[in-house]
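Structure assessment
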Amino acid sequence: MSHSTASATAQRLESVRAPIEDASHLPPECYTSEEFYRREINFIFMRYWNFIGRADRLLKPGDYFTVELVGVPLIVVRDAKGEVRAFVNSCRHRGARMLSGKGTCNRTITCPYHAWVYGTDGRLLAAHDMDGISGFRLEDYSLRPVRLETWDGFIFVNFNDGADSLDDYLGELKQKMACYDLSNMVTVRRKEYSLACNWKLLTENAMEEYHTSTVHRGSIGAQTLAYENGTGQWESGYLSSEKSVATLPGETAGFPRIANLTGGAATGTYFVLVYPCTVFAFAQDSLMWLELYPQGPSQTRLVVGAAFPRSTVSRPDFESVVQKYYERWDKSVPEDNWISEQQQLGLSSPLSDTGRVSRFEPVVHRLANWILDRVQQ
């Protein structure tokens, strides 16, 4: 980066730091630069909590799934004692990837290269033909663990052993969402998309109302949000609506409301961002979420998940009625994906620039500053 370019970027970043009524958006290079992306990986994704799905993907000991998070391949497995654990998906001998996809490994994980055998707790149990090797001990070569904590069935991992606990990170959010009885939610769907856009564009789009009257004019229509936050690393936008917004406007009633909802939860939907890029939509009858996996400055893997109360999933009419919800998500999510990719195309132009922040984009402004607080070190 030339001195003049660096100086111009620094000046634009200063305008991002201004109060919202005077602020500008992040400049294009924050969405296209490999250098900026590497700083995000090093100072955000490698240091803070990252959401990777629900624990009900792992129903019994030995069940596992694999995932790659900012270049780190992981095994997430339920061990023999029923505890969910995460390990680096790399054999301690020659580094081979050991598992792929999802499935059941029963009691052990065996490397496909030289057949080293690990327990689901990560311990190395057998290393064939390593007897007689001076100083070699099985206990020195366990799988590398990755810190994992859960919130009512949501799995988060953290590569930073010195980070605050997940409880502290979420702060007041756990109590605010307690009435949804999230531990009794059942995941019913996970749909994946591979998108040609920066992770921030998807996150920003999910947490602002400004685009809804145009991008969603043929589906869910305009939305008006009331924004709030509290202690912990999260933001929320509240949409008041007597009818659940998890189905399309004009659609007949779907499932009954979640039992025991209180306050705003009973009369609307909370769209919640857990920094850096996890988004939840807590409706009166269901839960939808976005898992984002950055794969470069202009590539993101998106997983859209959905869950319902166990009592709802057990209804005999569940499979027929749930199609109303799938129809809504299958209309609105591709619309958001499309506009995010259009943004990326525009931002990638050498003549592109960004403008002032709208009063309908407060979380976009706060997200930008949250990121700059960490990458400008």
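Here, every reference points to the structure presented above.
Residues numbered from 1 in each chain as written. Predicted model: local features only at pLDDT ≥ 70, side-chain atom pairs only at ≥ 80, totals over all residues. Heavy atoms only, no water.

So, the overall build of the protein chain
Looking only at helices and strands, one finds 11 helices and 17 strands in the protein chain. Taken over the C-alpha trace, the protein chain has a radius of gyration of 22 Å; the compact-globule value for 377 residues is 21 Å, and the two agree within 12%. Projecting the C-alpha coordinates of the protein chain onto the three principal axes gives extents of approximately 70 × 65 × 35 Å. In the protein chain, buried positions account for 52% of the 377 residues. For the protein chain, the proportion of contacts with a sequence separation of at least 24, taken over those separated by at least 6, is 66%. (Helix = DSSP H or I, 4+ residues; strand = E, 2+ residues; numbered from the N terminus. Rg over C-alpha atoms; globule rule 2.2 N^0.38 Å. Buried < 20%, exposed > 50% of the residue type's maximum accessible area, 1.4 Å probe, protein only. Contact = heavy atoms within 4.5 Å.)

A look at the sheet that holds strand E4 (residues 84-88)
Read across the sheet, seven strands follow the order E1-E10-E9-E4-E3-E2-E5 without closing on themselves; strand pairing throughout is antiparallel. The sheet is open, and its two edges are formed by strand E1 (50-54) and strand E5 (102-104), each paired on a single side. This sheet shows a mean twist of 30° between the axes of neighbouring strands, independent of strand direction. (Pairing = 2+ DSSP bridges. Axes fitted to C-alpha atoms, helices over the stretch in contact; angles between N-to-C directions.)

What about the sheet that holds strand E17 (residues 300-309)?
Reading across the sheet, the seven strands line up as E11-E17-E16-E15-E14-E13-E12 and stay open at both edges, with antiparallel pairing between neighbours. Two strands in the sheet have a free side with no partner beyond their single neighbour: strand E11 (185-195) and strand E12 (226-228). In this sheet, neighbouring strand axes are inclined to one another by 15° on average, regardless of whether the strands run parallel or antiparallel. Alignment of strand E13 (residues 234-240) against strand E14 (residues 268-274), held across seven bridges, turns out to be antiparallel.

Some words on the packing of helix H6 (residues 199-206) against helix H11 (residues 362-375)
Interhelical geometry of H6 versus H11 gives an angle of 145° and a closest axis separation of 9 Å. Packed against H6, whose contacting residues are Trp199, Lys200, Thr203 and Glu204, the element H11 presents Val364, Leu367 and Ile371 at the interface. Counted by class, the contact of H6 with H11 contains four nonpolar, one polar and two charged residues. (Nonpolar A, V, L, I, M, F, W, Y, C, P; charged D, E, K, R; others polar.)

Let's talk about the packing of H6 against helix H10 (residues 323-347)
For the pair H6 and H10, the least separation of the axes is 9 Å and the interaxial angle reads 130°. Classified by the angle their axes make, H6 and H10 are oblique. Pair H6 / H10 crosses with right-handed handedness. Residue-level contacts link Leu201, Leu202 and Asn205 of H6 to Asp336, Asn337, Ile339, Ser340, Gln343, Gln344 and Leu347 of H10. (Parallel < 35°, antiparallel > 145°, perpendicular 65-115°, else oblique. Left-handed = near helix turned anticlockwise from the far one by under 90°.)

Observations concerning the packing of aromatic side chains
In this structure the tally under the stated criterion is 26 aromatic pairs. Consider the rings of Trp116 and Tyr141, whose centres lie 6.3 Å apart with planes at 80°: the pair is edge-to-face. With Trp116 in the loop between strand E6 (108-110) and strand E7 (117-119) and Tyr141 in the loop between strand E8 (124-126) and strand E9 (145-151), this residue pair connects regions lying 25 residues apart in the sequence. Since its relative accessible area comes to 3%, Trp116 is described here as buried. Between Tyr326 and Trp329, the ring centres sit 6.3 Å apart and the planes meet at 40°, which makes this aromatic pair tilted. Note that Tyr326 and Trp329 are positioned in helix H10 at a spacing of three residues, about one turn of the helix. Taken individually, Tyr326 and Trp329 each receive the classification buried, so the pair is uniform in this respect. (Phe/Tyr/Trp six-rings, centres within 6.5 Å; stacked < 30°, edge-to-face > 60°.)

Overview of the side chain of Arg189
Tracing the backbone through its elements, the reader meets Arg189 in strand E11. In terms of polar contacts, Arg189 uses its side chain to reach the side chain of Asp330, at 2.8 Å. Once residues within four sequence positions are removed from consideration, Arg189 is found in contact with Val304, Gly305, Ala306, Tyr326 and Asp330. (Polar contact = N/O pair within 3.5 Å; in protein donor to acceptor, adjacent residues only side chain to side chain.)

Digging into the pairing of E1
With respect to burial, E1 is a largely interior element, five of its five residues being buried. Here four bridges tie E1 to strand E10 (residues 154-158), and the two strands are oriented antiparallel to one another. Opposite Gly53, over in E10, you have Ile155 as the bridge partner.

Re H6
Taking burial as the measure, the eight residues of H6 include seven buried ones, the bulk of the element. For H6, the complete set of buried residues consists of Trp199, Lys200, Leu201, Leu202, Thr203, Glu204 and Asn205.

Observations concerning the nonpolar core
In this structure, Trp151, Tyr180, Phe280 and Phe282 are the most contacted members of the largest nonpolar core, which totals 96 residues. No other element matches the seven residues that H11 contributes to this core. The contacts of Phe282, once residues within four sequence positions are left out, are Trp151, Met177, Tyr180, Leu182, Gly268, Thr269, Tyr270, Val272 and Leu287. Core analysis: the second largest hydrophobic core is formed by 17 residues, Cys105, Ile109, Leu124 and Ala127 among them. (Core = buried A, V, L, I, M, F, W, Y, C linked by side-chain atoms within 4.5 Å.)

Some words on the pattern of salt bridges
Side chains bearing opposite charge may pair, as long as their charged atoms lie close to each other. In this structure the tally under the stated criterion is 19 salt bridges. By sharing partners, the salt bridges in this structure join Asp79, Glu83 and Arg85 into a single network. (Salt bridge = Lys/Arg side-chain N within 4 Å of Asp/Glu carboxyl O.)

Some remarks on the side chain of Asn158
If you trace the backbone, Asn158 turns up in strand E10. Polar contacts involving the side chain of Asn158 include one to the main-chain amide nitrogen of Asn160, which spans 2.8 Å. For Asn158, the residues in contact, after removing those within four places along its chain, are Met46, Arg47, Tyr48, Trp49, Val146, Arg147 and Ala163.

Describing the pairing of strand E2 (residues 63-69)
Along E2, five of the seven residues are buried, which leaves the element largely enclosed by surrounding structure. In terms of strand pairing, E2 meets E5 through three bridges, oriented antiparallel. For Tyr64, the partnering residue across the bridge sits in E5 and is Gly103. Two elements, E2 and strand E3 (residues 72-78), share six bridges in a ladder whose sense is antiparallel. Counterpart to Thr66 in the pairing with E3 is Ile75.

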